[in-house]
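# Observations on the three-dimensional arrangement
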Amino acid sequence: FEQVYLDYATEYLKGPMYHNDLKVQGFLPEYPGDPMFKQGKMTSNVVGNLKTFSSNELAFFAVLFFAIGLYGTLMFWWFDPQFLRADLTGQINPSYVIEALFLPVSFFMHIACYIQRKNGK
């Protein structure tokens, strides 16, 4: 058994131990069994960890994150101006900044929802 294991491990280690530019992260090197495109269409693997979510769940999160982000942005700039408050007190409300960061996340949730919808999930 030990000799068989040693031979197997030796042969296994020969394979991926070289550098190749195609092995860097990105869209060129796809993981075996997880293609990014099939017949010219994107698969659910494109959205990464969100591939297990349905399009309805992603739509809910997209709307939720958009609402939170819009609230934070509107409060920061118009309804409770933070630059004026910073001039007067030297502090701003950090929750508005954190909430405003939800706005770009909602866009990516929307894109993931569209991809999942096209794949019938």
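Let me sum up the structure you'll find in this document. (Residues numbered from 1 in each chain as written. Predicted model: local features only at pLDDT ≥ 70, side-chain atom pairs only at ≥ 80, totals over all residues. Heavy atoms only, no water.)

### Things to note about the overall build of the chain
When helices and strands are counted, the chain shows five helices and two strands. Reading the chain from its N terminus to its C terminus gives the helix and strand order α-β-β-α-α-α-α. When burial is assessed residue by residue, the chain has 19% of its 121 residues classed as buried. Contacts in the chain between residues far apart in sequence, at least 24 positions, make up 60% of those at least 6 positions apart. Split by element, the accessible area of the chain, about 9,700 Å² in all, is 66% carbon and sulfur. (Helix = DSSP H or I, 4+ residues; strand = E, 2+ residues; numbered from the N terminus. Buried < 20%, exposed > 50% of the residue type's maximum accessible area, 1.4 Å probe, protein only. Contact = heavy atoms within 4.5 Å. Areas by Shrake-Rupley, 256 points an atom, 1.4 Å probe, with all protein chains shown as cover.)

### Describing helix α5 (residues 102–118)
The terminal C-alpha atoms of α5, which comprises 17 residues, lie 24 Å apart, in line with the 24 Å expected from a rise of 1.5 Å per residue. Inspection of α5 places S106, M109, A112, C113, I115 and Q116 among the buried residues, and these make up the whole buried set. Along its buried surface, α5 packs onto β2 (41–42) and α2 (55–79). In the stretch just after α5, G120 is the one whose phi turns positive, near 75 degrees. (Expected span 1.5 Å × (residues − 1).)

### Digging into the side chain of T73
Examined against the element boundaries, T73 turns out to sit in helix α2. For T73, a relative accessible area of 19% translates into the label buried. Not counting residues up to four positions away in its chain, the partners in contact with T73 are W78, A100 and L103.

### Comments concerning the packing of aromatic side chains
According to the stated counting rule, one finds ten aromatic pairs in the structure shown. With 6.5 Å between their ring centres and 20 degrees between their planes, F1 and Y5 make a pair best called stacked. On the basis of relative accessibility, which here comes to 82%, the residue F1 falls in the exposed class. Measuring from centroid to centroid gives 6.1 Å for F53 and F61, while their planes differ by 75 degrees, and the two rings are edge-to-face. (Phe/Tyr/Trp six-rings, centres within 6.5 Å; stacked < 30°, edge-to-face > 60°.)

### Observations concerning unusual backbone geometry
In this structure, Q39 takes a positive phi of about 55 degrees despite not being glycine. Tracing the backbone shows Q39 in the loop between β1 (37–38) and β2. Classification of Q39 as exposed rests on a relative accessible area of 84%.

### So, the environment of V46
Structurally, V46 can be placed in the loop between β2 and α2. Owing to a relative accessible area of 24%, V46 belongs among the partly exposed residues under this scheme. Separated by 66 residues in sequence, V46 and A112 place their C-alpha atoms 8.5 Å apart.

### Focus: the nonpolar core
Counting residues in hydrophobic clusters, the biggest one holds eight residues: V47, L58, A62, F65, M109, A112, C113 and I115. Looking at this core, the elements with two or more residues in it are α2 and α5. Beyond its immediate stretch of four places on either side in the chain, C113 contacts S55, L58 and A59. (Core = buried A, V, L, I, M, F, W, Y, C linked by side-chain atoms within 4.5 Å.)

### With respect to the environment of N56
Relative to the helices and strands, N56 is located in helix α2. On the basis of relative accessibility, which here comes to 57%, the residue N56 falls in the exposed class. Remark: the alpha-carbon pair of N56 and Q116, spanning 60 residues in sequence, is separated by 9.1 Å.

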